[in-house]
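Results of the structural survey
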Amino acid sequence: MSDKPPPAAATGPKHDTSDLSYASVMLFWRIVTGIFFREIRTRGSFNIPKDGPIIFVGAPHNNQFLDMLLGLEAYKESGRRVRFLVAASSMQRAFIGFWARLINSIPVARAADSIKPGTGRIRLDTNDPCLVIGEGTRFLTEFKPRMQIMLPKSLNSVAAEVAEVISDTELKIKKEFGTDSGKITDQVREATESQGLEFRKLPFIDQQDMYRNVYDALKQGGSIGIFPEGGSHDRTDLLPLKAGVSIMALGAMANDPKLRVRVVPVGLSYFHAHKFRSRAVVEFGRALDVPAELVEMFKQGGPQKREAVSKFLDLIFNALKTVTVRAPDYDTLMLIQAARRLYKTPGQHLTLGQVVELNRRLLEGYEHFKDEPQVQNLRKEVLKYNRLVRDMGLRDHQVPRAERAGWKTLALLTYRVGLLAVWSIFALPGVVLNGPIFILASIISRRKAKEALAASRVKIAARDVLATWKVIISVGVAPVLYLLYAIIGTLLAIRANVPMKWRLITPVMVLFGVPAMSYAALKFGEAGMDVLKSLPPLIAALIPGHQKSLDKLKAMRLKLSNEVSDLINHFGPALYPDFNEWRILVPSASVPPSSGTPGLWRRKSGTGAVDAQGLGLTHPMTWLDERIFGFRAAATAPNSDDEDSGDYDNVIGFIPGLSSLLQPLAGSTSRSRNSSYADLQRLRMSGHGHEGSHEKH
């Protein structure tokens, strides 16, 4: 399927997925993702070519179903209709298969979906590491050349291709068993000293039909979407990329010399992806051209072809590194996020895109200088601070806002508890009506996550599966539940002997009223959670004996903040030649820096308090907190990545007309939320927007 009508001379199969049906599917999933995510931001959409064949390469594949954000944002920003490569096993599922077929997805058969246990046990020959010896095995009937034999999970489920089946108890593998870090022959032999190993068999999959469909789509100037890591996962780093995406690009151009395929790397950054009402950033990187010399090498076949595929795969991987945040482990990721929060000036409200970019640059700097004594010492202090904050039941963004106990603190606590009660009352009807959906989604998603974790060799906690099943259950159960409510309402109306007019209107009122009530409950409940999460610092301030601990914690945070800033100012210029010009990130054009702060990220100004410019009047709750109680706002910047950050603007946006009335009061802060990254970048590239760009690429 092409994104735009092909020229008359174009050849290739015509697809029956019309513009209208594709747009309808995108609209439906825009609503679904809009409900699931609290905020979705797009960066770099100007990098999407307006025409010609494109392969969108997405990573990391952290969410089985919601990674469709790639297609949604590409369609919204450029009108390109993306055909995704979807696992054939997923296409066979009723729900996923239905939607995948509507957008003309291309099925991909995977050997991992057809794994079966082998008969008997195996061990390696003592002399030949490529000779597998079986005990009670049936190699002649269960294996053929090009199939794969897989070791158990205790050995990381390593697989090797079968080169020759000698007998029922002997077969040769093409290469020694190994991982990305090297061969594991010794570990395998050690594991089989007492008894043999269980094993599994993977079939050989011929992908010719899949490649033919991809080549046809690209020949028509279409767009293909692929996640080259293969299966979804919840790791902090990228998995090794599969060679298929490289073969698609090189093969399409080798088959048609006039074709110019471009590869667009797409980074998906989720903030607590498995949680309802989380946030996401979709970043499109600069399009890659396929080098002509690699296409020529590909045409030659044999070793030259393999080398071309490998080299272009490396280029794709390097491109993905520019749009993804890759941490070697969870602890490092937590360290980087803590350092970013300490480095951020409170008066500067970072957009989600800026948060992602700053995380990426801090991680790059940490990986480059992590062996420096200064960096090691600061790491220990930051981790210590994290533990103290957690032990006090606070979040980092709440530490600067912790005030001395007094009547204003008590009054503010009382006010917010009352406010929480009001939001809870507004949210209660929708919560009760949708209770069955919440319960079912929670139970089933957790069970599916356990099953996926048991069957996977790359997942850590299978959090990538949770959001998928929450969405599937919610979308499937909600219509049935609302229809049931309509039937119950109609029966009650008949039993109450109301006039016929109301009997007919009742089901319509219920079918439209319950979803509206549910959405209102979502917004009011969300605001209530923001208030609830703002209470711990107030409670901590009122507890006798806690004030000294709070003061020490605030002083520690200020000290660490300055140390982080000094460290970055010291090492930054060595890593980024433009460091002094851009100060890590370009400030938001719409958010002026706090007074007295010479650079965006410099934090030498004492307490780093938020001034009137940086704060803004974004909602009535801020006005009440500031003017009546003289206390800093309950919430952090709306664009913060913290799950406990406030977002009263969502509630205001739900009340018709109120957001437009408050727009003049909100000033520059509100305008920054709706600015276009693409327009700002184009402005900068044209030489007129040097000071107004949102981020540096």
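- As recorded by an unreviewed UniProt entry, the chain carries the name Kinase domain-containing protein and is attributed to Favolaschia claudopus.

1. Examining the overall build of the chain
- Counting secondary structure elements, the chain contains 26 helices and 17 strands.
- The buried share among the 697 residues of the chain stands at 52%.
- Within the chain, residue pairs in contact and separated by at least 24 positions form 74% of the contacts whose partners lie at least 6 positions apart.
- Accessible surface for the chain amounts to roughly 32,800 Å². Of this, 58% is attributable to carbon and sulfur atoms.

2. Some words on the packing of helix α13 (residues 373-391) against helix α19 (residues 546-575)
- Look at α13 against α19: their axes get within 11 Å of each other, and the N-to-C directions meet at 150°. Taken as axis vectors, α13 and α19 run roughly antiparallel relative to one another. Where α13 crosses over α19, the two elements pack in a sense that is left-handed. Note on element contacts: α19 touches α13 through Leu553, Met556, Arg557, Leu560, Glu563, Val564, Leu567, His570 and Phe571, opposite Gln374, Val375, Leu378, Glu381, Val382, Lys384, Tyr385, Leu388 and Val389.
- Residues of the contact of α13 with α19, tallied by class, amount to twelve nonpolar, two polar and four charged.

3. Side note on helix α7 (residues 208-219)
- If you check α7, its first and last C-alpha atoms are 16 Å apart, about what twelve residues at 1.5 Å a residue would give, namely 16 Å.
- If you check which residues of α7 are buried, you get Met210, Tyr211, Val214, Tyr215, Ala217 and Leu218. Along α7, the residues classed as buried sweep out an arc of 160° about the axis, all on the same side.
- Positive phi appears at glycine 221, one or two residues downstream of α7, with a value of about 80°.

4. Considering the packing of aromatic side chains
- Throughout the structure, instances matching the rule amount to 16 aromatic pairs.
- Where phenylalanine 36 meets phenylalanine 37, the ring centres are 5.1 Å apart and the plane angle is 80°; that geometry is what we call edge-to-face.
- Looking at phenylalanine 37, the relative accessible area reads 2%, which means it is buried.
- When the ring centre of tyrosine 22 is taken as origin, the NZ or CZ atom of arginine 81, which lies over that ring, is 6.0 Å away.

5. Some words on the sheet that holds strand β5 (residues 116-117)
- The seven strands are arranged β5-β13-β8-β9-β10-β7-β6 in an open sheet whose pairing can be described as antiparallel. Either end of the sheet is taken by a strand with one partner, and the two such strands are β5 and β6 (121-124).
- Relative to strand β10 (residues 170-173), strand β7 (residues 131-135) runs antiparallel, the two being bridged by three bridges. Following the sheet pairing, leucine 131 is matched in β10 by lysine 172.

6. Some remarks on unusual backbone geometry
- Residues alanine 59 and proline 60 are joined by a peptide bond in cis, for which omega reads -10°.
- Examined against the element boundaries, proline 60 turns out to sit in the loop between β2 (54-59) and α2 (69-78).
- The backbone of asparagine 497 sits at a positive phi, close to 60°, despite the residue not being glycine.
- Topologically, asparagine 497 is positioned in the loop between α16 (463-495) and α17 (500-533).

7. Considering the UniProt feature "transmembrane region" (unreviewed entry) in the chain
- Per the UniProt record, the feature "transmembrane region" (unreviewed entry) sits at residues 420-444, 465-492 and 504-522.
- Secondary structure over residues 465-492 splits into 100% helix and 0% strand, and the C-alpha atoms at its two ends are 40 Å apart.
- Annotated as 100% helix and 0% strand, the span residues 504-522 places its first and last C-alpha atoms 29 Å apart.

8. Structural notes on the pairing of strand β1 (residues 37-43)
- Extensive coverage of β1 is indicated by the burial of six of its seven residues.
- Note that β1 and strand β16 (residues 278-284) share six bridges and pair parallel. Bridge pairing in β16 links arginine 41 to valine 281.

9. A word on the packing of α16 against α17
- At a minimum axis separation of 8 Å, α16 and α17 run at an interaxial angle of 140°. Overall, the two elements α16 and α17 adopt an arrangement that is oblique. Our pair here, α16 against α17, has a crossing hand that is right-handed. The segment α16 lies against α17, with Tyr482, Leu483, Tyr485, Ala486, Gly489, Thr490, Ala493 and Ile494 engaging Arg503, Thr506, Pro507, Val510, Leu511, Val514, Pro515 and Ser518.
- For the contact of α16 with α17, the per-class residue count stands at eleven nonpolar, four polar and one charged.

10. Topic: the nonpolar core
- Counting residues in hydrophobic clusters, the biggest one holds 38 residues, and the most contacted among them are Ile55, Leu85, Leu250 and Val261.
- Going through the elements one at a time, β2, β4 (106-108), α7, β14 (223-226), α8 (244-255), α9 (292-300) and α10 (302-321) are the ones with two or more residues in this core.
- Ranked by residue count, the leading element in this core is α8, at seven residues.
- Residues in contact with isoleucine 55, not counting those within four places in the same chain, are Leu218, Ile224, Ile226, Val245, Met248, Ala249, Val261, Arg262, Val263 and Val264.

11. What to know about a nonpolar patch on the surface
- Residues Leu483, Ile487, Leu491, Ile494, Val508, Leu511 and Phe512 make up a contiguous nonpolar surface patch of roughly 680 Å² in combined accessible area.
- Residue assignment for the nonpolar patch shows that the elements contributing at least two residues are α16 and α17.
- The element contributing the most residues to the nonpolar patch is α16, with four residues.
- One can find leucine 511 in helix α17.

So, how was this worked out
Residues numbered from 1 in each chain as written. Predicted model: local features only at pLDDT ≥ 70, side-chain atom pairs only at ≥ 80, totals over all residues. Heavy atoms only, no water. Helix = DSSP H or I, 4+ residues; strand = E, 2+ residues; numbered from the N terminus. Buried < 20%, exposed > 50% of the residue type's maximum accessible area, 1.4 Å probe, protein only. Contact = heavy atoms within 4.5 Å. Areas by Shrake-Rupley, 256 points an atom, 1.4 Å probe, with all protein chains shown as cover. Axes fitted to C-alpha atoms, helices over the stretch in contact; angles between N-to-C directions. Parallel < 35°, antiparallel > 145°, perpendicular 65-115°, else oblique. Left-handed = near helix turned anticlockwise from the far one by under 90°. Nonpolar A, V, L, I, M, F, W, Y, C, P; charged D, E, K, R; others polar. Expected span 1.5 Å × (residues − 1). Arc of directions from axis to C-beta. Phe/Tyr/Trp six-rings, centres within 6.5 Å; stacked < 30°, edge-to-face > 60°. Lys NZ or Arg CZ within 6 Å of the ring centre and 35° of its normal. Pairing = 2+ DSSP bridges. UniProt positions renumbered as here; feature names shortened; annotations may be inferred. Core = buried A, V, L, I, M, F, W, Y, C linked by side-chain atoms within 4.5 Å. Patch = residues over 30% accessible without salt bridge, like charges linked within 9 Å, V, L, I, M, F, W, Y side chains within 5 Å. Salt bridge = Lys/Arg side-chain N within 4 Å of Asp/Glu carboxyl O.

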